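# Breakdown of the fold
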Amino acid sequence: MANLEHLSILRQGVETWNQWREINPHLIPDLYDADLRNYPLQGANLSRVVLGKTSLSLAHLQGANLFQADLYEADLFRANLQSVNLQQAYLCRANLYRANLSHSQLQQARLGRSDLTKANLNQANLAHTSFTEANLSQANCQDSDFSYAFLKSTRVYGTNFDNADLTGTCLQDWQTDNLTQLDSVICKYFYRSYNIWDNKFIQRYPASEQEFLAPGELVTCLNPKSITLDLIFSEPMCFKSLLTSLDSLSQDHKSVIPQALEQQKDGSLLLRISVAETANLDSIKQAFWTEYNRLRQSSKLRSNRTDYAPNLSALLHILANP
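Cut-offs and rules
Residues numbered from 1 in each chain as written. Predicted model: local features only at pLDDT ≥ 70, side-chain atom pairs only at ≥ 80, totals over all residues. Heavy atoms only, no water. Helix = DSSP H or I, 4+ residues; strand = E, 2+ residues; numbered from the N terminus. Rg over C-alpha atoms; globule rule 2.2 N^0.38 Å. Buried < 20%, exposed > 50% of the residue type's maximum accessible area, 1.4 Å probe, protein only. Pairing = 2+ DSSP bridges. Salt bridge = Lys/Arg side-chain N within 4 Å of Asp/Glu carboxyl O. Axes fitted to C-alpha atoms, helices over the stretch in contact; angles between N-to-C directions. Contact = heavy atoms within 4.5 Å.

When helices and strands are counted, the protein shows seven helices and five strands. Computed over its C-alpha atoms, the radius of gyration of the protein comes to 26 Å, more than 25% above the 20 Å expected for a compact globule of 322 residues. Taken over the C-alpha atoms alone, the protein extends approximately 85 × 45 × 35 Å along its principal axes. For the protein, with 322 residues in total, the buried portion stands at 43%.

A few words now on the pairing of strand E4 (residues 257–263). Within a regular beta strand, the side chains point alternately toward one face of the sheet and then the other, so they alternate between its two faces. In this sheet, strand E5 (residues 269–276) lies alongside E4 in antiparallel orientation, the contact comprising six bridges. Along E5, the bridge assignment pairs Ile 257 with Ser 274. Hairpin connection between E4 and E5: a loop of five residues separates the two successive antiparallel strands, and Gly 267 in this loop has a positive phi of roughly 95 degrees.

This next bit is on the pattern of salt bridges. Counted according to the given criterion, the structure contains seven salt bridges. Between Glu 133 and Arg 113 there is a salt bridge; the shortest N-O distance is 2.9 Å. One end of the pair, Glu 133, is in the loop between helix H2 (14–23) and strand E1 (190–195); the other, Arg 113, is in the loop between H2 and E1, with 20 residues separating them in the sequence. According to the relative accessible area criterion, Glu 133 is partly exposed, its value standing at 34%. Looking at Arg 113, the relative accessible area reads 46%, which means it is partly exposed. Taken together, the salt bridges that share partners define one network made up of Asp 230, Glu 262 and Arg 272.

Quick look at the sheet that holds strand E3 (residues 226–233) now. Strand order in the open sheet formed by three strands is E3-E5-E4, with antiparallel pairing between adjacent strands. Two strands in the sheet have a free side with no partner beyond their single neighbour: E3 and E4. In this sheet, neighbouring strand axes are inclined to one another by 25 degrees on average, regardless of whether the strands run parallel or antiparallel. Relative to the sheet, helix H4 (residues 239–252) contacts E3, E4 and E5, its axis offset from that of E5 by approximately 10 degrees. In the packing of helix H5 (residues 281–297) onto the sheet, the strands contacted are E3 and E5, and the crossing angle to E3 comes to about 35 degrees.

In structure tokens:
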């Protein structure tokens with residue numbers, strides 16, 4: 001619950017509040033869970049203020065200073081945060097649906113699991129910001145700086161990234177769709193994964209520090225063209241070994257997707273999978289058959305006679321629901 005004395009001072013107006021902050025520079029104001037809906041806070045000094053679970057929906061915060069502010073689970077629905085300083089702010093699980101963050105400064109802010117659906121981030125500075133599992137769907141991110149941002153498992157369905165800078169970002173498990181606008185994005189390189197133990201981005205692409213992506217190449221990297229690879233089973237198939245082998249293969253090759261299962265005239269089964277156009281087909285084949293044969297011969301996964309029966313409909317059901 002908010003400190004009533006601090007809340008009373010804020011309600012006297014931004015000028016009085018800012019003067020009080022100047023007189024008490026080391027005091028950390030507590031406005032936790034306060035009701036500040038539609039409140040005029042333009043230019044307010046809210047740096048380091050505790051604003052967790054505070055209701056700031058429709059609040060007017062243009063030009064406010066929220067440096068290192070604690071906004072955990074704060075409600076900022078349609079709040080006006082234009083040109084706000086949110087550097088190093090803690091915004092995890094915050095509701096920023098349709099919030100206006102244009103021209104704002106959010107460097108090194110933490111927005112894990114926050115909702116930024118349809119938010120306006122036009123020309124915002126988001127360098128080194130963490131968006132782990134955040135929702136940026138349909139947000140306007142035109143001309144924004146996302147350089148070295150952590151975008152693991154971030155949803156960006158229908159998001160507009162026209163002229164946004166994504167250089168050095170970590171895009172592990174990034175969730176896009178065919179409406180995500182990335183054609184004109186600026187990205188010299190990116191990272192595919194994050195090492196939690198060393199706290200750093202890994203698997204740079206392109207791998208060499210002397211190589212960089214060409215304009216528009218990020219779209220191709222994230223949505224590579226696929227080709228078909230056929231795997232023929234001349235002997236009765238082991239269901240468990242097949243599924244485990246495919247799962248293992250997809251861990252190493254994200255683009256591997258089972259497409260169809262066909263029975264040949266000679267009675268053999270043909271499993272058709274799609275892989276990235278740039279993938280090494282011989283390497284994928286070898287990896288699959290090595291793992292499949294090892295598991296098939298393993299006493300732990302050896303199935304009984306009925307498990308090996310080439311039941312086409314059952315296999316199709318399993319492959320359709322991995």
